[in-house]
Amino acid sequence: LRGNGVLKSIDLSYNDGLGDEGNFLRGPPRRAGVSLLTSGRSLSVGIVETKLHRSLCGKPLCDAILEVDELTEDTLRTVLSMVPTAAEEARLLAFDGDPSTLDSPEQLLRSLCGIPRLEGRIRAMIFKAQLEPDLDELLQKVDSLKAA
């Protein structure tokens, strides 16, 4: 490694004995979970999940929906875009293995499958989020008319 006090080279590669030598940026291999969704769908749900985790301050999404938390209209529209399709729901609910072995996006969608009337519930929450600012504006106009 050293010759005459000069550093010649350093081997920074990670080698777990399974191949892919020289790829030290990845670190140890990740445990692969069971994936029931297409890779694109799984990736998009994973991205949305990360965004939602930040906006919910770590609170589980299912709890926020069931408790009708005050979520922004944008957040609710994002959740609505990732509601599982009927085919995805059937695949997720038919999974007989340990749910903790599923990839994170699959775990999230599987938990959403347990919420009754999920899409209608989210649409009602969106309506409520839109109604409150509109109602405030309307009440201000009514007050202006009364004052005139």
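Per-chain numbering applies: the sequence of each chain, read as written, is numbered from 1 onward. Where local features are concerned, this predicted model is filtered to residues with pLDDT of at least 70; where side-chain atom pairs are given and counted, the filter is 80 or more; whole-chain, interface and lining totals use all residues. Here the side-chain values reflect all heavy atoms present in the structure, with hydrogen atoms and water set aside.

Student: Could you give an account of a nonpolar patch on the surface, with specific residues and numbers?
Tutor: Only residues whose relative accessible area exceeds 30% and that form no salt bridge enter a patch; like-charged residues are grouped when within 9 Å of one another, and nonpolar side chains (Val, Leu, Ile, Met, Phe, Trp, Tyr) when within 5 Å. To be clear on the numbers: accessible area is Shrake-Rupley with a 1.4 Å probe, and residue cover counts the displayed protein chains and nothing else. Within this document, salt bridges are pairs made up of a side-chain nitrogen of Lys or Arg and a carboxyl oxygen of Asp or Glu, the two lying within 4 Å of each other. Together, Phe127, Leu131, Leu135, Leu138, Leu139 and Val142 line one region of the surface with nonpolar side chains, adding up to about 530 Å² of accessible area. Every helix listed is a DSSP run of H or I at least four residues long, and every strand listed is a run of E at least two residues long, numbered separately from the N terminus. With respect to the secondary-structure elements, Phe127 resides in helix H6 (residues 118–147). Throughout, exposure labels follow a simple rule: accessible area from a 1.4 Å probe, protein chains only, divided by the maximum for the residue type, with under 20% read as buried, over 50% as exposed, and the rest as partly exposed. On the basis of relative accessibility, which here comes to 52%, the residue Phe127 falls in the exposed class.

Student: Which residues make up unusual backbone geometry, and what values go with them?
Tutor: Residues other than glycine seldom take positive phi values, yet Arg117 does so here, at roughly 50°. Structurally, Arg117 can be placed in the loop between helix H5 (104–113) and H6. Residue Arg117 is classed as exposed on the basis of its relative accessible area of 66%.

Student: Can you break down the pattern of salt bridges residue by residue, with the values?
Tutor: Under the counting rule described, the total for this entry stands at six salt bridges. The salt bridge partner of Glu67 is Lys59, with a shortest N-O separation of 2.6 Å. A salt bridge links Arg123 to Glu119; the nearest nitrogen and oxygen atoms lie 3.0 Å apart. Of the two residues, Arg123 and Glu119 both sit in helix H6, four residues apart, roughly one turn of that helix.

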